[in-house]
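Here are the chains, one letter per residue:
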Amino acid sequence: MAGANGKVCTGFSKPYVATYSAEGTTVTYTGGMPLARGVSVNLSPETSESNDFYADNEIAETQAGKFSKGKLQLTVDGLKQAAEKMIFGLGEPVDEQYGEEEPVKVVKYSGDEKPPYVGVGFVVRYLSGGITTYVPTILRKVQFTQGTMEAKTQSGENLEYQTRALEATVYRDDSATRDWKWEAAEQTTEAEAEKVLKGLLDIAAA
């Protein structure tokens, strides 16, 4: 199987997020953290229409359409409060009194939140010629939207595992080359791919 002409995707893991900012054409990331445990990812790029030039009753020249934006669907196990606060632009938990009990911390969803731009990174696993590799992938500028919530009661003795579906829009970044995605070199281990991923999102090594 050595020297295979292609590679097949066999896994997705380690989704991370970091707050995006840009000053001129300099892009930086801050406050990066694990988003959750990854279940699946679906990325659908959108491009402008191609620009065709006709001559001699046929297309003589063409300019391919360019990436305009994309739709991202991320399925994860579930969000911890810090990650949810980051991607949806939520405020800090506040004390709310109920009865004569001690106040409880509450995160409030008003509908007026402004989700920030973030960088999203994850690792994609491939198999080619019997060799497994791991590709760190960065979506440079992403904005999440409040998605649906679904939960079911337990029926019977066995747990039914439930996941969280997240939706976001992917944009071109503000760098000089207006990138929307980076794919780093293939790594031989998931740990090394995660290290590269965190480095590209300016996340300090633990």
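Our structure is the block above this text.
In this report, we go over the structure that sits alongside the text. These numbers come from a predicted model, not from an experiment.

**Section: the pairing of strand β6 (residues 67–76)**
Relative to β6, strand β3 (residues 38–47) runs antiparallel, the two sharing nine bridges. Each bridged residue has a counterpart across the sheet, and for Thr47 the counterpart in β6 is Phe67. As judged from the seven bridges shared by β6 and strand β11 (residues 164–171), these two strands associate in the antiparallel manner. Along β11, the bridge assignment pairs Val76 with Arg164.

**What about the pattern of salt bridges?**
Taken as a whole and judged by the stated rule, the model has nine salt bridges. As a salt-bridge pair, Lys108 and Glu96 come within 2.8 Å of each other at their nearest N and O atoms. Here Lys108 is found in the loop between β8 (104–106) and β9 (118–128), whereas its partner Glu96 is found in strand β7 (residues 94–96), with twelve residues between them in sequence. One salt bridge in this structure joins Lys181 and Glu183, with 3.4 Å as the shortest N-O distance. With relative accessibility at 32%, the residue Lys181 sits in the partly exposed group.

**Quick notes on the packing of aromatic side chains**
Summed over all chains, the structure comprises five aromatic pairs. An angle of 70° between the planes, with centres 5.5 Å apart, marks the rings of Phe12 and Phe122 as edge-to-face. Taken together, the residues Phe12 in strand β1 (residues 8–23) and Phe122 in strand β9 connect sequence positions 110 residues apart. Phe122 carries the same exposure label as Phe12, and that label is buried. The interplanar angle of 5° and the centroid separation of 4.1 Å between the aromatic rings of Phe67 and Trp180 together place this pair among those described as stacked. Residue Phe67 is found in strand β6, and its partner Trp180 is found in the loop between β11 and β12 (181–183); the two are separated by 113 residues along the sequence. Three or more aromatic residues link up through ring pairs in this structure, and these residues are Tyr20, Tyr29, Tyr117 and Tyr171. Arg140 extends its terminal NZ or CZ atom over the ring of Trp182, reaching a point 3.8 Å from the ring centre. Its guanidinium or amino end placed over the ring of Tyr117, Lys141 lies 4.4 Å from that ring's centre, counting from NZ or CZ.

**Here we look at unusual backbone geometry**
Residues other than glycine seldom take positive phi values, yet Arg178 does so here, at roughly 55°. Within the fold, Arg178 resides in the loop between β11 and β12. Its identity as a non-glycine residue notwithstanding, Asp202 has a phi of 55°, on the positive side. Take Asp202: its relative accessible area is 47%, and that puts it in the partly exposed class.

**Observations regarding the environment of Lys108**
Classification of Lys108 by relative accessible area gives partly exposed; the value is 47%. C-alpha separation for the pair Lys108 and Gly91, spaced 17 residues apart in sequence, amounts to 7.2 Å. Filtering out sequence-adjacent residues up to four positions away, Lys108 remains in contact with Leu90, Val94, Glu96 and Glu113. A polar contact of 2.8 Å, which involves the side chain of Lys108, links it to the side chain of Glu96.

Scoring rules and cut-offs
- Residues numbered from 1 in each chain as written.
- Predicted model: local features only at pLDDT ≥ 70, side-chain atom pairs only at ≥ 80, totals over all residues.
- Heavy atoms only, no water.
- Pairing = 2+ DSSP bridges.
- Helix = DSSP H or I, 4+ residues; strand = E, 2+ residues; numbered from the N terminus.
- Salt bridge = Lys/Arg side-chain N within 4 Å of Asp/Glu carboxyl O.
- Buried < 20%, exposed > 50% of the residue type's maximum accessible area, 1.4 Å probe, protein only.
- Phe/Tyr/Trp six-rings, centres within 6.5 Å; stacked < 30°, edge-to-face > 60°.
- Lys NZ or Arg CZ within 6 Å of the ring centre and 35° of its normal.
- Contact = heavy atoms within 4.5 Å.
- Polar contact = N/O pair within 3.5 Å; in protein donor to acceptor, adjacent residues only side chain to side chain.

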